[in-house]
Amino acid sequence: MLPNLIQHHCSAGAPMSTIGDKYLLGTGRSDHERLRVISEIHDGRTRELLRKAGFVSGHRFVEFGCGLGYVTRWAASEGANATGIDLNEDNLAVATELAGEAGLKTAEFRSANIYEPALPPDSVDVSYSRWLFVHLNRPVDAMRVIHKALKPGGVMVCEEADVSAVYTEPHSPAYTELRDICMQGARQRCVDYSGGRRVHLWAKEAGFEIVHVDAYHPHYVTGGHKGFWNWTLRSVALGMVKEGSLTAARLEELVAEMNQADASPDTLVAHCRMHQLIAKKP
Ligand SMILES: C[S@@+](CC[C@H](N)C(=O)[O-])C[C@H]1O[C@@H](n2cnc3c(N)ncnc32)[C@H](O)[C@@H]1O
């Protein structure tokens, strides 16, 4: 049996069918702009990865934790019978609206928890998820659910982050401090913000055969995406301020220093490293 630190360490406290599993980020429409930028930063690599996994027109495609549904809509535009599943009704409403505007008849969005997606067994050719397992208390159980829904020979494709890889050069102590505060906040909720580096282990434990692993690491010195992790860490930390585990004054100081780092064209800001996985149901 392979180690599954999150599930084994935290399972006693984890509810059986958690809605959203201790989600630290903002939810609802307040987070939509951030999801749009995630799509801008990552969708190109995601499409390449899905093609590498054998995704083609006519496939039954399901995206778990689809957010605003960028990848599901792309899959439908490529000729897939595509379903996006998420718990967040606001996200699903926008995803559906955008699919309608694009005239995509084979894209469907519906509300479900990944642990209970109501999919027929052995029915899916390709599953996809990005930024989902790092928010879950029971990533291996979630992968077992995907395993059951896939056809034999079907593939699970995921892209998950290692947030501990966020850094700046020259070193900005504020970036490091806020990154570590957020990582610690996640650990206290029994979710793993460095889980990207373990997705292959989770997949193996869930019964998958590993086909491909890789990772990429966006870096910026200028441009609109440079401050993305300043923004995201701040969003996570605001949840911690609301809970009382971080003071608003300290967060303000850290953000002011991070803004200075972002404003300097000499400061390199590295985002989280994104781990990619293609795993097959034997
Ligand atoms: C960080 S967002 C990523 C969205 C999208 N995958 C993307 O890359 O833009 C995580 C998404 O997972 C959804 N989510 C969290 N827990 C879930 C669960 N247990 N079942 C289904 N969706 C979940 C959230 O509602 C949110 O839309």
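Residues numbered from 1 in each chain as written. Predicted model: local features only at pLDDT ≥ 70, side-chain atom pairs only at ≥ 80, totals over all residues.

> Is there a simple way to explain the site of the ligand in this structure?
Residues in close proximity to the ligand total 20 residues, the closest being Gly65, Gly67, Asn88, Ile114 and Arg130. The element contributing the most residues to the shell around the ligand is helix α2 (residues 32-52), with 3 residues. Tallied by class, residues from the shell around the ligand come to 9 nonpolar, 8 polar and 3 charged. (Near = placed C-beta within 6 Å. Helix = DSSP H or I, 4+ residues; strand = E, 2+ residues; numbered from the N terminus. Nonpolar A, V, L, I, M, F, W, Y, C, P; charged D, E, K, R; others polar.)

> I keep staring at the nonpolar core and nothing clicks. Help me out?
Generally speaking, a soluble globular protein has its nonpolar side chains buried in company with each other. Membership of the largest hydrophobic core comes to 71 residues, with the highest contact counts inside it found for Met143, Met156, Val157 and Ala203. Examining the composition of this core, we find that 6 residues originate from one element, strand β5 (residues 150-162), more than from any other. When sequence neighbours within four positions are dropped, the list of residues in contact with Ala203 reads Met143, Met156, Phe208, Ile210, Leu277 and Ala279. (Core = buried A, V, L, I, M, F, W, Y, C linked by C-beta atoms within 7 Å. Buried ≥ 20, exposed ≤ 12 C-beta atoms within 10 Å, placed from the backbone. Contact = placed C-beta atoms within 7 Å.)

> It is not clear to me how the environment of His275 should be interpreted in this structure. Could you clarify?
Locating His275 in the fold gives a position in strand β10 (residues 273-280). For His275, a count of 23 C-beta atoms within 10 Å puts it in the buried group. A sequence separation of 113 residues divides His275 from Asp162, and the C-alpha atoms of the two residues are 7.4 Å apart. For His275, the contacting residues outside a window of four places in its chain are Glu159, Glu160, Asp162, Gly196, Arg197, Val199 and Ala215.

> Explanation requested: helix α6 (residues 173-188) in the structure shown.
Structurally, the α-helix is built with 3.6 residues per turn, so residues lying three or four positions apart point the same way. For α6, with 16 residues, the first-to-last C-alpha span of 22 Å sits near the 22 Å given by 1.5 Å per residue. For α6, the full list of buried residues reads Ala174, Tyr175, Leu178, Arg179, Cys182, Gly185 and Ala186. Seen along its axis, α6 keeps its buried residues to an arc of 130 degrees; they face one direction. Looking at the buried side of α6, the elements it contacts are β6 (167-169), α8 (228-243) and α9 (248-263). Just beyond α6, the residue with positive phi is Cys190, at close to 60 degrees. (Expected span 1.5 Å × (residues − 1). Arc of directions from axis to C-beta.)

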